[in-house]
Amino acid sequence: MEMFIACSLFLLALSRESSAENRYRNPVNDQLADWAREHKGNVTIIRTSYGTHVDDVENTLTAGHRGPIVMHDSVFMDIVGSFDRERIPSRTVYASGTGAFGKFTVTHDITRYTKAKLFDKVGKTTNVAVRFSRQMNDRGTAETTRDNFGMSVKFYTQDGIYDLLSCSSEVYFVRDAMKYPLLVHAFMRNPVTNIKDPNMMWDFITLLPETTFQTLVYFSDRGTPQSYRHTNFHSVSTYKMVNDYGKAVYVKFHWMTHQGVKNLTAYEALQLAIQDPDYYTRDLYNAIGNGYYPSWTLCIQIMTFEEAKKFQFNPFDVTKVWPREQFKYTEVGKLTLFDNPTNQFAQVEQLAFSPAHLIPGLEPSPEKILQGRLFAYGDAQRYRLGVNYLQLPVNCPTNRPVTNYQRNGLGTFESQGEAPNYYPNSFHGPQSLPSPVFSVYSASGDVNRYNSSYEDNYSQGRYFWNYLSEKDKYSLVNNMVESLKDTYHWIQDRAIQMFSNVHEKLGRRLQEQLGKYEKYATKCSTC
């Protein structure tokens, strides 16, 4: 019954964006039947991983009818040895997700901003792999649990792999990479109880006013989207585009959904979590399987170096947005997903992204969060998948074979044959070609640990609050209180003060609603 309700909700969503005559299928449920139909009449034999024929895969080789198993049953050893190693380390963040494949098509000319061949001609298409994920919830948790959502796009360009990572929010909780691991710890499980602890999360939030804007977005209904398909995604970080003449501009990327932005209320998200914990994955797979191919328009915001110097706040502060009325969206192209993965582990779990995977014409900005991520993402993938994770088929560039002086390590698939493995050499090994040095703009040229805690932390959050309808304000406050009510009194007090700085009505509503839970609030006599 519960599965019927979940499927009915999905069918209702599709019916709003499709004609009545299209017949609905459930490709998730039909996957095995579809495979059997395609392979009917084809007989394949079971072989071990080392290629030998297996005549019996149900019974072990034993000494006598009742055992024990003899150690020279190499078929059993092969099966169990593989089974014991099926799992790999999970991603620390964005652990739970799904993916799909498609194409990106350039629809507007932006060659005046970048020399990247990916964008060099209107109508040009590039194959892409996309992974959708949830940031703070680990594998196995219900997918509609409140979270920040990610959309990572891997472009298989002629110049190599380009990864564009985006989030469902335009801003982030912290503005310095040093705080990122600490933020994740605060939002994840208590290391003693192994349970999500709202005291940890709200203690962290209320001690860092820079989290204000993103916290408001997180607890609005945007924190529970109807599906990945009905969500806009934003790069959050700032990059540089460089054209053929060496002129650079700063850019932010935005993926605007063609399906329309739709969110769930907290109650709807909870019901789906109970009825169908895998709702987002099922929705995407079934939509593509039924031919309702999700698509997004890629837009950029552009800021010149001169504008950055005179800007009213630090343009590389990821806790703030660039005002859309000042930096309008410029269309670039269209992304369409039309293929489901044929194997989730090989094509999604092993799909690995890093913002350091850039191509000529696209460079990093001096933004602190981005600079930290340039190292952290690749390092995390080397831990999960091995030093040669970029040799895995789903991560390989199309301009293969790759030639360099990197060799060996776990999972080596391409050893580069007899070529020398050192440089410089006199034996016609790969040569480096002169290329423009990454230019990093700095107002003073100094390097320092600048304290940003005195930046404006509230004005854009106030704009967001004023923009919301009364219904949305009601949902926002209720969602925040539902999480805050189980925290310590002094954390609640800080939260009230913090969001009173956004708007006195927001603070008052929080105080009034939390007052209803006074007798249930957690007390901490030693804090």
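Basis of the calculations
- Think of each chain on its own: its residues are numbered from 1, step by step along the sequence as written.
- Restriction of local features to residues with pLDDT of at least 70 applies here, the model being predicted, together with a cutoff of 80 or more for giving and counting side-chain atom pairs; totals for whole chains, interfaces and linings are based on all residues.
- With hydrogens and water set aside, each side-chain value is computed from the structure's full complement of heavy atoms.
- In this analysis an axis means a line fitted to C-alpha atoms, helices contributing only their contacting stretch, and an angle means the value between N-to-C directions, from 0 to 180 degrees.
- Numbering of helices and strands runs from the N terminus, with a helix taken as a DSSP run of H or I at least four residues long and a strand as a DSSP run of E at least two residues long.
- Under this scheme an angle from 65 to 115 degrees is roughly perpendicular, one under 35 degrees roughly parallel, and one over 145 degrees roughly antiparallel; angles in between are oblique.
- Residue contacts follow a heavy-atom distance rule, with two residues in contact if any of their heavy atoms lie within 4.5 Å.
- Classes in brief: Ala, Val, Leu, Ile, Met, Phe, Trp, Tyr, Cys and Pro nonpolar; Asp, Glu, Lys and Arg charged; the others, Gly included, polar.
- Note on exposure labels: buried denotes an accessible area under 20% of the residue type's maximum, exposed denotes more than 50%, and partly exposed covers the range between, all computed with a 1.4 Å probe on protein chains only.
- Two N or O atoms form a polar contact when they lie within 3.5 Å of each other; inside protein one atom must be a possible hydrogen donor and the other a possible acceptor, and for residues adjacent in sequence the pair counts only when both atoms belong to side chains.
- To count toward a patch, a residue needs a relative accessible area over 30% and no salt bridge; like charges are then connected within 9 Å, while nonpolar side chains (Val, Leu, Ile, Met, Phe, Trp, Tyr) are connected within 5 Å.
- Accessible surface area values rest on a Shrake-Rupley calculation with a 1.4 Å probe, where residue burial reflects the displayed protein chains alone.
- By definition here, a salt bridge exists when the distance from a side-chain nitrogen of Lys or Arg to a carboxyl oxygen of Asp or Glu is within 4 Å.
- Multiplying 1.5 Å by the helix residue count minus one yields the expected span of that helix.
- Each residue carries a pLDDT value, the predictor's own confidence for that position, ranging from 0 to 100.

## What to know about the packing of helix H2 (residues 27–38) against helix H8 (residues 279–289)
Two numbers describe how H2 lies on H8: the axes approach to 9 Å, and their chain directions differ by 60 degrees. Here H2 lies oblique to H8, going by the angle between them. On the side of H2, the interface is formed by Pro-27, Val-28, Asn-29 and Gln-31, while H8 contributes Arg-282, Tyr-285, Asn-286 and Gly-289. Counted by class, the contact of H2 with H8 contains three nonpolar, four polar and one charged residues.

## Focus: the side chain of Asn-243
Topologically, Asn-243 is positioned in the loop between strand E6 (239–242) and strand E7 (248–257). Residue classification places Asn-243 among the buried positions, given a relative accessible area of 8%. A polar contact of 3.0 Å, which involves the side chain of Asn-243, links it to the backbone nitrogen of Lys-247.

## Here we look at unusual backbone geometry
A negative phi angle characterises most non-glycine residues, just as the trans form characterises most peptide bonds. Residues Gly-67 and Pro-68 are joined by a peptide bond in cis, for which omega reads 0 degrees. Here Pro-68 is to be found in the loop between H2 and helix H3 (74–83). Phi is positive for Val-236, close to 60 degrees, though the residue is something other than glycine. With respect to the helices and strands, the residue Val-236 is situated in the loop between strand E5 (233–234) and E6. Classification of Val-236 as buried rests on a relative accessible area of 8%.

## Observations concerning a nonpolar patch on the surface
Nonpolar side chains collect at one region of the surface, where Ile-46, Val-57 and Ile-79 lie side by side and expose about 240 Å² of accessible area between them. As for its position among the elements, Ile-46 is in the loop between H2 and H3. Residue class for Ile-46 comes out partly exposed when judged on its relative accessible area of 43%.

## What to know about helix H13 (residues 470–484)
Helix length check: H13 (15 residues) gives 21 Å between terminal C-alpha atoms against 21 Å at 1.5 Å per residue, within 8%. Looking only at H13, the buried set comprises Lys-473, Ser-475, Leu-476, Val-477, Asn-479, Met-480, Val-481, Ser-483 and Leu-484. Buried residues in H13 make contact with helix H5 (198–207), helix H6 (212–219), helix H7 (266–275), helix H12 (459–467), helix H14 (489–500) and helix H15 (504–515).

## Thoughts on the pattern of salt bridges
Here the structure, examined in full by the defined rule, presents 25 salt bridges. Residue Lys-124 pairs with Asp-120 through a salt bridge whose shortest N-O separation is 3.2 Å. For the salt bridge of Asp-317 with Arg-175, the shortest nitrogen-to-oxygen distance reads 3.0 Å. Here Asp-317 is found in the loop between helix H9 (305–310) and strand E9 (330–339), whereas its partner Arg-175 is found in the loop between strand E4 (160–167) and helix H4 (180–187), with 142 residues between them in sequence. Residue Asp-317 is classed as buried on the basis of its relative accessible area of 2%. Exposure remark for Arg-175: the relative accessible area of 5% places this residue in the buried category. Within this structure, Arg-175, Lys-179, Glu-210, Asp-317 and Lys-320 form a network of salt bridges that share partners.

## Points about the confidence of the model for the chain
Predicted confidence across the chain gives a mean pLDDT of 87, with 86% of residues reaching 70 or more. Scored below 50 in pLDDT, residues 14–22 makes eleven contacts in the model with residues more than four places away or belonging to other chains. A low-confidence stretch, residues 436–447 (pLDDT under 50), is modelled with 14 contacts involving residues beyond four sequence positions or located in other chains.

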